[in-house]
Amino acid sequence: MSRLDFLSPHEADVAGVSPLRHVAGVAFTDVSQLGKLEVRGDVGSLEAIPLGPGRALVVLEGDVRSQRDRLVGEGYRVYDMTAALAALEIEGEDLMRRLTALDLEALPAIGSIARGTTALIERRDGERFRLFVPQELGQFVAEVVTDMARGLGR
Amino acid sequence: MRLSSQPGERIDRSRQVSFFYDGSPVEAFAGDTIGSALFASGRRVFSRSFKYHRPRGLLCCSGHCANCMMTVDGIPNVRVCVEPVRPGAQVKAQNVLGSVDRDLLSVTDKIGGPFTPVGFYYRTMIRPRRAWPLYEKVLRNLAGLGRVPETWTHRRYDTEHRHVDVLVIGGGRSGRAAAAAAEGDVLLVDERGPHDAPYEVLAPATALAIYEGGLVPVDAGNVLYRIRADRIVVATGALEQTLVFPGNDLVGVMLPSAVRRMVDEWALKPGTRAVIVDGELPSVRNQLIRAGVEIAAVVRSPSQLAAKGRRGRLTSVLLDGKRIDCDVLVVSGGRQPAYSLLAQAGARVEYEPGRGIFVPTELPPGVEVVGSAAGEFPQTPAPAQLDGGGDKCFVCICEDVTTKDVKRAVAEGFDSIELAKRYTTVTMGPCQGKLCHLPSIRMMARETGTDESAIGTTTARPPWRPIELGLLAGRHYEPLKRSPIHHRSEELGAKVMWTGAWKRPHSYGDPAAEVRAVHEALGVIDVSTLGKILVEGPEAAELLERLYPNRFGDLKTGRIRYGVLTTDGGRIMDDGTVARLGDELFYVTTTSTGSDSVREWFEWWNAIWGYDAEIVNVTGALAAVNLAGPQARDALGLLTDADVSNEAFKYLDAKEIRVAGVPCLALRIGFVGELGYELHCAASVGEHLWDALVAGGAVPFGLEPQRVLRLEKAHVIVGQDTDSESNLISAGMPWIVKQDKQDFVGKWALPHVTVRERLVGFTLPAGVLPPEGAQIVREGVSRGRVTSARVSERLGKVIGLAWVEPERAEEGETIAIRIDGVLHDAAVTLAPFYDSKGALLRS
């Protein structure tokens, strides 16, 4: 049975590069290197961001492989989305209000930012937010965030 | 000239600001508006009217009417009565030929009347038709108000989203009281300046509309706020209406609001001698007296009134038969609740004859109204028209619509307010009916012999106040998808082109050389944009078996099969490859543009069928490259420990191997016709894989050489060579359809499809390249079309694909293709142009 290793940048001999590497991270912190596992099954008891019925995203900083193996061992179907999603951390409700129509008091949620780009938005502590966006649109989103921060005089 | 310090004045006399009017400096105080500063400098005529070019002066001082519209720093139609002064601003008059004081176009007021009756533009200047270009040129110059500058420095506009518990619209007494009493997260939006309050105030800002779901867009200058509130309190107050009488537009005729703001806020003296026709607002009289204006007369409800003037400026009034000299006439046709936002939200509007106003009723849930906007003020109805003979009598000041125009429209049969509005343009000017709402309805009632409730109101539409289009547009962001290898291509000097939302390399400088590299040695192309979907589960095979017309249940692990998706109607929808990676695991590729729609298609059908199978879109998770050319095997072998010999890794095999230290899914397929491997790996290590392949001698090639190469193999591009009517039979792929399967999407339709045309290959001599879409002609009639055509250097001729009549779809048939009006004979071919048996792919 395939372990789908080709999905996992952690299985490579070289370190993966971030899709945001060409944008100066003044307005955001690039956290794209975080491990991201999409888990399918009965995810109700998992510590994870819900993505929809029977789907959740586990975000982790540690060893992706052991987490993946653990979850597979528990009977979940697990897909490594580490490389699929760019991740940005943003400070400030004002900047977030320019980015998304989502209610910032009702996060995490999936919504639209920057002309229809789908993003998963999570509130960290205080006024710190984390955005997950498709990596192919990561640079575009990072540029939009930078421009919006400029509009706020940052 | 200014009055002595007034209680509560908004100007700061310690801070001087200067700007320019028509190039000359104007001194102002901080807190002034451009309009108040110009008035203080002695200016009385602010604009010329829309149609007759009559002089117009400050009328409402509330930002409602069009009388003070000027061009400020290149932005046309700015209402300077509410536009704060800013240092160095360049203010110019607009819509004039000459100057605002001497406008040559005012000739239309003197002699143009007979030629420009209501609706003249529907019936004059139509004949002779050949003169239209001339008319159009003249009319284009005369029509409209300000002009958008041809050179433009982009102003920044942003959009911001807010969620609040309570939104109060309007910062008057009632609005402030409602905001103070409200609980939770309260935001008050005020058109005037900010004020200190225990709640949040957004000012100066204007609520433009109330849309479904409590969405309120708010114009705050450079930021458009999109506010969602659980509870909306509308406190928009009431709007002073104009009174209809001869000369009611003369410079010096003012609404009470104008006097109030001039004296109280800007310490201006409105004139020297005033007549007041408005007994219900004694404060205006006090304000004028405080300003040192002599009060010549105060009349509550005259039976006869006419304003007389010289050069458009008020000199006297004729009041109940008596002439009184004055330079200020304060009049009001009563107040009307500003209910527009409520009507947009779904409230009903009813006429109340006792006070002669329309009031909002039956408010939708979550929307409330307080204060004057609810009609909470005493009032007696004003007359439809006061007559005194003489000058024009305007119902709509913005659009220069006179009582005569309304009468004529009714006489011509436009007897409903909605029709008369469109015919006369009454209420359609820049104030959008704010000042002429009641007068127009009163006139219509009088002329049609009914009452105001029977006439009703026109539809209240957003925006409540005109806004700049730039504010609606916001920032110019264009979503751009970049492949994980995008930057490497840019570094290599690729010529980049848009394909959907992606930017992809067209070529790296020399498409022909890139084609040669693939044929003769080794090429590599970034195909990361391909759609990629995992289908996993005990019933994954059943799901695919039922989605595709061809068979997948019998596909062995480690093998690949080409698949075409069809719609219920049997039409070609998308194509790609399906690789089986395990008993319960399949890897599906789609076209670059099809990844989302195919994933949705899979999920939609699986929601109906309910198979135990996960559908996972991994398009973005993976980079993909196609390594192709006779040297592909050797080059790959140098970068992997896996056995890539033809025996161990056959054509249409799928294997998970490590290449240059990167785990890859390697698919041995051949879209470009040479020995080739598609390598799919995690996106973030895609660059590393690419670098290793290029370092190994692979020549990067772009989309253009790829198109030539695939055309040599007669490989179809869905969407390019097929359209929404194409089916597998007519596209020459009947072998894909396994009609003996129990069920698949499109099964019922495929036996019934009519083959009206067939997709075939054709060749032409080199040098005769038909454009895509070129027509295939027989007996002077179009019989088909070319979908793709390229010069094949390797084959020494032009090759292409075309839809032709079925009877022409025979090897060696001749078809005629029209190119630049000339017919060229082309030879039909049914087999691929290059390596027709696929020997190279299998080698």
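Residues numbered from 1 in each chain as written. Chains lettered and ligands numbered in written order. Predicted model: local features only at pLDDT ≥ 70, side-chain atom pairs only at ≥ 80, totals over all residues.

Visitor: Tell me about the interface of chain B and chain A, residues and numbers included.
Guide: Counting residues at the interface gives 41 residues for chain B, matched by 39 residues for chain A. Looking at the side of chain B that touches chain A, the elements that each hand over two or more residues are strand S8 (158-169), strand S31 (531-536), strand S33 (572-582), strand S35 (614-617), strand S38 (662-667), strand S39 (676-682) and helix H19 (686-695) of chain B. Ranked by the residues each element gives to the side of chain B that touches chain A, the list is headed by S8(B), at six residues. Its residues assigned to classes, the side of chain B that touches chain A comprises 18 nonpolar, 11 polar and 12 charged. (Contact = placed C-beta atoms within 7 Å. Helix = DSSP H or I, 4+ residues; strand = E, 2+ residues; numbered from the N terminus. Nonpolar A, V, L, I, M, F, W, Y, C, P; charged D, E, K, R; others polar.)

Visitor: Got a sec to walk through the nonpolar core? Specific residues and values, please.
Guide: A general feature of soluble globular proteins is that nonpolar side chains tend to end up buried together. Core analysis: the largest hydrophobic core is formed by 155 residues, its most contacted members being A:Val145, B:Val625, B:Leu627 and B:Leu689. It is helix H3 (residues 138-151) of chain A that provides the largest number of residues to this core, a total of seven residues. Non-local contacts of B:Val625, meaning those with residues more than four positions away in its chain, are made with B:Val524, B:Ile525, B:Asp526, B:Val527, B:Leu679, B:Leu689, B:Trp690 and B:Leu693. Ranked by size, the runner-up nonpolar core spans 138 residues in total, among them B:Ile34, B:Cys68, B:Met70 and B:Leu314. (Core = buried A, V, L, I, M, F, W, Y, C linked by C-beta atoms within 7 Å. Buried ≥ 20, exposed ≤ 12 C-beta atoms within 10 Å, placed from the backbone.)

Visitor: Give me the lowdown on the environment of B:Gly42, citing residues and values where you can.
Guide: Within the secondary structure, B:Gly42 sits in the loop between helix H1 (34-40) and strand S3 (47-48). Distance from B:Gly42 to B:Glu399, taken between C-alpha atoms, is 26 Å for residues 357 residues apart in sequence.

Visitor: For the sheet that holds strand S5 (residues 69-72) of chain B, give the residues involved together with the corresponding values.
Guide: All names here are of chain B. With mixed pairing, five strands are arranged side by side in an open sheet as S2-S1-S7-S5-S6. Looking at the sheet topology across the chains shown, the edges are occupied by strand S2 (24-30) and strand S6 (75-79). On average, each strand axis in the sheet is tilted by 40° relative to the strand beside it, whichever way the strands run. By the bridge criterion, seven bridges tie strand S1 (residues 12-21) to S2 in an arrangement that is antiparallel. Note on S2: the bridge partner recorded for Val 17 is Ala 28. (Pairing = 2+ DSSP bridges. Axes fitted to C-alpha atoms, helices over the stretch in contact; angles between N-to-C directions.)

Visitor: Account for helix H11 (residues 437-448) of chain B, with residues named and values stated.
Guide: Residue and element names in this part refer to chain B. Spanning 12 residues, H11 covers 17 Å between terminal C-alpha atoms, matching the ideal 16 Å at 1.5 Å per step. Among the 12 residues that make up H11, nine are buried, leaving the element largely enclosed by the rest of the structure. Taken residue by residue, H11 has His 437, Leu 438, Pro 439, Ser 440, Ile 441, Arg 442, Met 443, Met 444 and Glu 447 as its buried positions. Those residues of H11 that are buried lie in contact with strand S22 (335-337), strand S26 (394-396), helix H9 (403-411), helix H10 (417-424) and helix H12 (452-455). Two residues or fewer after H11 comes Gly 449, characterised by a positive phi angle close to 70°. (Expected span 1.5 Å × (residues − 1).)

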